[in-house]
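Survey of secondary and tertiary structure
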Amino acid sequence: MRIVFLGTPGFSLPILETCARSGQLTAVVAQPDRPAGRSAKPQPPASKRWALERGIPVEQPEKVKGGKLAQTIARYLPDVAVVAAYGRILPPDALAAPRFGCLNVHASLLPELRGAAPAQWAVARGHPETGVTIMQMDEGLDTGDIRLQRALPVAPDETGESLLAKLSALGASALEEALRLLDRGELPRTPQDHSRATLAPLLRREDGEADFSRTALDLDRRRRGFTPWPGLWTRASGAVLKIHGSEALSSGGRAPGEIVGASAAGIDVSCGEGTVLRLRELQPEGGKRMPVAAYLAGHPLRAGDRLGG
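Residues numbered from 1 in each chain as written. Predicted model: local features only at pLDDT ≥ 70, side-chain atom pairs only at ≥ 80, totals over all residues. Heavy atoms only, no water.

Next up on the list: the pairing of strand 14 (residues 276-284). Inspection of the sheet shows strand 11 (residues 239-249) paired to strand 14 by 8 bridges, in the antiparallel sense. Bridging from a neighbouring strand, L241 pairs with P284 of strand 14. Here 4 bridges tie strand 13 (residues 266-270) to strand 14, and the two strands are oriented antiparallel to one another. Within strand 14, the residue paired with V269 across the bridge is L277. Where strand 13 folds back on strand 14, the antiparallel hairpin that results is connected by 5 residues, among which E273 adopts a positive phi of roughly 60°. In this structure, strand 14 lies alongside strand 15 (residues 290-291), joined through 2 bridges in antiparallel fashion. (Pairing = 2+ DSSP bridges. Helix = DSSP H or I, 4+ residues; strand = E, 2+ residues; numbered from the N terminus.)

Following this line, the structure appears as structure tokens:
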């Protein structure tokens, strides 16, 4: 089976490797090189580096509409295109270019968590389970038919970063099975129940700002889900304070954002419904991560002080 792969970041690499094992990988399509790091020099994406190391052709079209992407894909005569975190919406002509269309490896159990950040929102919203979906792509946002799904429990200490790594490996395994079934003409196809759809939108910096009217458990989940970016952050004396370690306590709170206690054990901050979030590891603006005791040594806080805007 001839396969063209479309994907850009490190998440896609295990899936890319599966394509190489499961058929004839004829080309890798990635987004153009982008500036990165302090030098701001254009850097090749992870999928491009992987392909060049193995002598596989790489395409990086600047535009995907007007037949540009469709022509790029069609040039390699693929039976199927596999898409994993490509980062662009594929136009109809590109979706139709391969003989069997385009399969997307999506990091959720569709129709739940459609969108750009499903792993992060699964943790932030406290989902006990998520998974991967091999989806037949159509013109909508993750609305295509389900071809294969695999579930995965979400660990109590899961972060968005750790869950994404697990889902990448699970997606690679699921894709291997899906491609094998597709080659035999035995891959099921089930329309999604759109009435059950939820969204997992692209993360913004403001998503990480701590709203202490939320419960402590909700805030701790968001801290873990939004790791490494945008994380969970607040303001102390007008300066940004990033929260790297925290623990949700069940009771003892006052007005949201009010500090009820500050010691080497943690800074206890009142949250919604009378809960308390204990801050254990912090990073002041322009500084390094540090345990709360070290932070308090340079930034004294006491009961009655407030965090937030």
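Right, picking up where we left off after that structure.
Turning our attention to the layout of surface pockets. A volume near 1100 Å³ is recorded for the largest pocket. Elements represented by at least two residues in the lining of the largest pocket include exactly strand 6 (80-84), strand 7 (102-106), helix 5 (118-124) and helix 6 (160-183). Of the pockets and cavities examined, the second largest pocket occupies roughly 150 Å³. Of all the secondary-structure elements, those providing two or more residues to the lining of the second largest pocket are helix 7 (216-225) and strand 11. With 3 residues, strand 11 is the largest single contributor of residues to the lining of the second largest pocket. Here the lining of the second largest pocket is composed, by residue class, of 3 nonpolar, 4 polar and 5 charged. (1 Å grid on protein atoms, 1.4 Å probe; cavity = no way out; pocket = protein on both sides within 12 Å on 5 of 7 lines; lining within 4 Å. Points joined across faces, edges and corners; volume = space filled by probe spheres on them. Nonpolar A, V, L, I, M, F, W, Y, C, P; charged D, E, K, R; others polar.)

With that settled, the discussion passes to the nonpolar core. Judged by nonpolar contacts, the single largest core of 43 residues is most densely connected at F5, I15, L25 and V82. For this core, the element with the highest residue contribution is helix 6, accounting for 10 residues. Not counting residues up to four positions away in its chain, the partners in contact with I15 are F5, V82, A84, V105, S168, G171, A172 and L175. Judged by nonpolar contacts, the second largest core, of 21 residues, contains A216, L219, L277 and Y295. (Core = buried A, V, L, I, M, F, W, Y, C linked by side-chain atoms within 4.5 Å. Buried < 20%, exposed > 50% of the residue type's maximum accessible area, 1.4 Å probe, protein only. Contact = heavy atoms within 4.5 Å.)

The values reported here are purely geometric and, on their own, carry no functional implication.
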